[in-house]
Amino acid sequence: MEGFFPKLLLVFFTALGVILGASLVGSLAALLAGQPPLRTMAQLALDIKIWAMVAAIGGTFTALEVLELGLLEGQFRALLKQLLLIIGAFSGAQVGYFIITSLAGGK
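Reading the values: the criteria
Residues numbered from 1 in each chain as written. Predicted model: local features only at pLDDT ≥ 70, side-chain atom pairs only at ≥ 80, totals over all residues. Heavy atoms only, no water. Helix = DSSP H or I, 4+ residues; strand = E, 2+ residues; numbered from the N terminus. Contact = heavy atoms within 4.5 Å. Axes fitted to C-alpha atoms, helices over the stretch in contact; angles between N-to-C directions. Parallel < 35°, antiparallel > 145°, perpendicular 65-115°, else oblique. Left-handed = near helix turned anticlockwise from the far one by under 90°. Expected span 1.5 Å × (residues − 1). Buried < 20%, exposed > 50% of the residue type's maximum accessible area, 1.4 Å probe, protein only. pLDDT = per-residue confidence, 0-100. Core = buried A, V, L, I, M, F, W, Y, C linked by side-chain atoms within 4.5 Å. Patch = residues over 30% accessible without salt bridge, like charges linked within 9 Å, V, L, I, M, F, W, Y side chains within 5 Å. Areas by Shrake-Rupley, 256 points an atom, 1.4 Å probe, with all protein chains shown as cover. Salt bridge = Lys/Arg side-chain N within 4 Å of Asp/Glu carboxyl O.

### So, the environment of Ala30
Then step 1. Within the secondary structure, Ala30 sits in helix α1 (residues 4–32).
Then step 2. Between the C-alpha atom of Ala30 and that of Ala89, which follows or precedes it by 59 residues, the distance is 27 Å.
Then step 3. The residues contacting Ala30, other than those within four sequence positions of it, are Gln35, Pro36, Pro37 and Thr40.

### Regarding the packing of helix α2 (residues 37–47) against helix α5 (residues 76–103)
Then step 1. Interhelical geometry of α2 versus α5 gives an angle of 165° and a closest axis separation of 9 Å. Put simply, α2 runs roughly antiparallel to α5. When you trace α2 past α5, the crossing you get is left-handed. Only Tyr97, Ile100 and Leu103 of α5 make contact with α2, whose side of the interface consists of Leu38, Met41, Ala42, Ala45 and Leu46.

### Some remarks on α5
Helical geometry: 3.6 residues make up each α-helical turn, so side chains three or four residues apart lie on a common side.
Then step 1. Taking 1.5 Å of rise per residue, the 28 residues of α5 would be expected to cover 40 Å, and the 40 Å separating its terminal C-alpha atoms lies within 8% of that figure.
Then step 2. Among all positions of α5, only Leu79, Gln82, Leu85, Gly88, Ala89, Gly92, Ala93, Gly96, Tyr97, Ile100 and Thr101 are buried.

### Details of the confidence of the model for the protein chain
Then step 1. This prediction gives the protein chain a mean pLDDT of 88; 94% of its residues lie at or above 70.
Then step 2. For the protein chain, per-element mean pLDDT is lowest for helix α4 (residues 60–72), which scores 70, and highest for α1, which scores 94.

### Some points on the nonpolar core
A general feature of soluble globular proteins is that nonpolar side chains tend to end up buried together.
Then step 1. Judged by nonpolar contacts, the single largest core of 16 residues is most densely connected at Ile19, Ala89 and Ala93.
Then step 2. Broken down by secondary-structure element, the contributors of at least two residues to this core are α1, α2, α3 (49–57) and α5.
Then step 3. The element contributing the most residues to this core is α5, with five residues.
Then step 4. Excluding its chain neighbours within four sequence positions, the residues that come into contact with Ala93 are Ala15, Leu16, Ile19, Lys49, Ala52 and Met53.

### A word on a nonpolar patch on the surface
Then step 1. Where nonpolar side chains cluster on the molecular surface, the patch consists of Leu24, Val95, Phe98, Ile99 and Leu103 and spans about 460 Å² of accessible area.
Then step 2. No other element matches the four residues that α5 contributes to the nonpolar patch.
Then step 3. Inspection of the secondary structure assignment puts Leu24 in helix α1.
Then step 4. Residue classification places Leu24 among the partly exposed residues on the basis of a relative accessible area of 44%.

Below is the structure:
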């Protein structure tokens, strides 16, 4: 994948997909177990947000290494790119959470 913008889109939609997929499949499990699927779906979306961000960024160690390089070695361009990727992952997870809570009828 070439360029920063395609990577940012990939990170955003990966986080969005993790939230939507985990919540929808988890609600199917709740339905089979006799639990309320909509409430379970909303709770799963809330619980999985941080993991969706980590999965979208590709793990925490590379993100921490880039942050270290940016802060300690003065590579501020790499630091800015990494922060934008983190914001993109957070935004994707938040949009997914909003979609799921809207489907489930609010908080």
